[in-house]
Amino acid sequence: MEVSMDPLFVAWSYFRRRKLQQCSDICSKILQDSPYDQAAWSLKTRALTEMVYIDEIEMDQEGIAEMMLDESAIAQVARPGTSLRLPGTSQGAGPSPAVRPMTQSGRPITGFVRPSTQSGRPGTMEQAIKTPRTASTARPITSASGRFVRLGTTLFEYIFHHENDVRNALQLAAQATEHAQFKDWWWKVQLGKCYYRLGLYREAEKQFRSALNQLEVVDTYCYLAKVYQRLDQPIIALNLFKQGLDHFPGEVILLTGIARIHEEMNNMVSATEYYKEVLKQDNTHVEAIACIGSNHFYTDQPEIALRFYRRLLQMGVYNCQLYNNLGLCCFYAQQYDMTLSSFERALALVSSDDEQADVWYNIGHVAVGIGEVTLAYQCFKLALAFNNDHAEAYNNLAVLELRKGRVEQMGDLQSSYIAALKSEDAFPEHANTQQLLKQLREHFAML
């Protein structure tokens, strides 16, 4: 006679092996026979939550709608090094905007794709509505993300993450906090998370402060610092992280948070120092290695950047972006034998049209550097074929058309002149802008 395993243990085994859909299906069958089985309900909600789980600690970048509809007022002329929203207020000795590319808000592009960045955003409006605004976690699971002791906590996580119903989650957290006589720090943190999602940052700050007074947890420091970053108070966030380091010396998450803030403020020297501190504590931290390598690349040290990217390769990171960066580092380090092979690997590992466009754009950039204008022209065309919104490819195609003397292919010269004037206002020392303005003025003088 064959003895079958208990279905609940089978479902739990699937859950432990991250086969979440199979776990959910078995729990559904159990609940058809026993609708009031709390263990099955708890395990099913955990499985459904893990399918879409996000880490709320990660700082999510503001979208266009949030920036346009934000009613909070900030100083129009912020003091240097005190604002994340106003570009150019940093006193750091990092590379200029002519060397290191910037985001729309004026922050330098980092060497590591974080949640809610360009590649982490939902593809359709339906996904953007149904899913939270941040992407999956970039750090290990910690105490706040792993607490599933009672059915109430599991239910909250299910409503908050899977259903994305913040208002009902807020009501549940408020009732649970009142039931616990306002002495449970975990529910206060959940209240703060709900307030943060609803844009009530001051209320979220009060809840996180109250939770910290009851029990000091690393996650709560990160949540509170995230609130201050959204309120554009990076100095307070930095002080809070340092206060957390006094209680948790050498904590990697806190050190990484400090490094990220310095990086967003374009203070690359301090950011690199803290990333190195992170590597002293955890020498396999992918984000720290990638960001240090990116900083060395943009400060004209491609050989050192190559060492960091090769370290990532040795650690098992095997994707298109890494080989793309390796190809550029090899080119600028004059290791031409490895350049094309790295780009070939990158093309073989692409997973989207945007990645394909970026690789072809970089190949075209290399072709311009070695004088192969025809190859560069074809590469930029291929980049636009895969992504017709690739602004850099359009720009470089216009430069190649200008070199060939085909002015009519460049578009409206008056619009180009106005855009160049705006570029000069944003960055007066940009040599290429000055050269473009000179050529446009000479062309207007000939008309």
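Just so it is clear, the structure is predicted and the values come from calculations on it, not from any experiment.

Q: Mind laying out the overall build of the protein, listing which residues take part and the relevant values?
A: Secondary structure summary: the protein contains 22 helices and zero strands in total. The 447 residues of the protein split such that 45% are buried. At a minimum sequence separation of 6, the contacts of the protein that also span at least 24 residues come to 54%. Taken as a whole, the protein presents about 24,300 Å² of accessible surface, with 53% of it coming from carbon and sulfur.

Q: An account of the packing of aromatic side chains is needed here, citing residue identities and associated values.
A: The tally for this structure, following the rule as stated, stands at 15 aromatic pairs. Between the aromatic rings of Phe331 and Tyr336, the centroid separation amounts to 5.9 Å while the plane-to-plane angle is 65 degrees, which identifies the pairing as edge-to-face.

Q: Lay out the pattern of salt bridges with the relevant residues and their values.
A: Inspection of every chain in the model, using the stated rule, returns four salt bridges. In this structure, Glu205 engages Arg202 in a salt bridge whose closest nitrogen and oxygen atoms are separated by 2.8 Å. Here the residue Glu205 and the residue Arg202 both occupy positions in helix α9 (residues 201–214), the gap between them amounting to three residues, near one helical turn. What makes Glu205 buried here is its relative accessible area of 15%. Residue Arg260 pairs with Glu287 through a salt bridge whose shortest N-O separation is 2.7 Å. Placement of the pair is Arg260 in helix α12 (residues 252–264) and Glu287 in helix α14 (residues 286–298), with a sequence separation of 27 residues. Pair check on accessibility: Arg260 and Glu287 agree, each one buried.

Q: If you had to explain a negative patch on the surface to someone new, which residues and values would you point to?
A: Taken together, the side chains of Asp353, Asp354, Asp358, Asp389 and Glu392 present a region of like negative charge at the surface. Looking at the negative patch element by element, the count peaks at three residues for helix α18 (residues 353–369). Here Asp354 shows up in helix α18. On the basis of relative accessibility, which here comes to 45%, the residue Asp354 falls in the partly exposed class.

Q: Give a description of unusual backbone geometry that names residues and reports values.
A: Phi is positive for Asp232, which is not a glycine, with a value near 60 degrees. Here Asp232 shows up in the loop between α10 (218–230) and α11 (234–247). Look at Asp232 and you get buried, because its relative accessible area is 9%. With a phi close to 60 degrees, Asp300 is a non-glycine residue in the positive phi region. Position of Asp300 among the secondary structure elements: in the loop between α14 and α15 (302–314).

Q: Give a description of the side chain of Asn164 that names residues and reports values.
A: By secondary structure assignment, the location of Asn164 is in the loop between α6 (151–162) and α7 (166–179). At a separation of 2.8 Å, a polar atom in the side chain of Asn164 contacts the side chain of Arg197.

Q: Describe the environment of Ile418, listing the residues and the values that go with them.
A: Counting through the fold element by element, Ile418 comes out in helix α21 (residues 413–426). For Ile418 and Leu437, which are 19 residues apart along the polypeptide, the C-alpha to C-alpha distance reads 9.6 Å.

Q: If you had to explain α15 to someone new, which residues and values would you point to?
A: With 13 residues, α15 ought to run about 18 Å at 1.5 Å a step, and its terminal C-alpha atoms sit 18 Å apart, in line with that. Those residues of α15 not exposed but buried are Pro302, Ala305, Leu306, Tyr309 and Leu312. Buried residues of α15 fall within an arc of 115 degrees about the axis and therefore sit on the same side. Looking at α15, the residues exposed on the side facing more than 90 degrees away from the buried face are Arg307 and Gln314. Tucked inside the fold, the buried residues of α15 contact α14 and α16 (320–332). Gly316 lies just past α15 and shows a positive phi near 100 degrees.

Q: Provide a residue-level description of the environment of Cys379, including the pertinent values.
A: Tracing the backbone shows Cys379 in helix α19 (residues 373–386). Spatially, the C-alpha atom of Cys379 lies 6.6 Å from that of Ile363, the residues being 16 residues apart in sequence. Once residues within four sequence positions are removed from consideration, Cys379 is found in contact with Trp360, Ile363 and Gly364.

Criteria and cut-off values
Residues numbered from 1 in each chain as written. Predicted model: local features only at pLDDT ≥ 70, side-chain atom pairs only at ≥ 80, totals over all residues. Heavy atoms only, no water. Helix = DSSP H or I, 4+ residues; strand = E, 2+ residues; numbered from the N terminus. Buried < 20%, exposed > 50% of the residue type's maximum accessible area, 1.4 Å probe, protein only. Contact = heavy atoms within 4.5 Å. Areas by Shrake-Rupley, 256 points an atom, 1.4 Å probe, with all protein chains shown as cover. Phe/Tyr/Trp six-rings, centres within 6.5 Å; stacked < 30°, edge-to-face > 60°. Salt bridge = Lys/Arg side-chain N within 4 Å of Asp/Glu carboxyl O. Patch = residues over 30% accessible without salt bridge, like charges linked within 9 Å, V, L, I, M, F, W, Y side chains within 5 Å. Lys, Arg positive; Asp, Glu negative; His and termini not counted. Charge placed at Lys NZ, Arg CZ, Asp CG, Glu CD. Polar contact = N/O pair within 3.5 Å; in protein donor to acceptor, adjacent residues only side chain to side chain. Expected span 1.5 Å × (residues − 1). Arc of directions from axis to C-beta.

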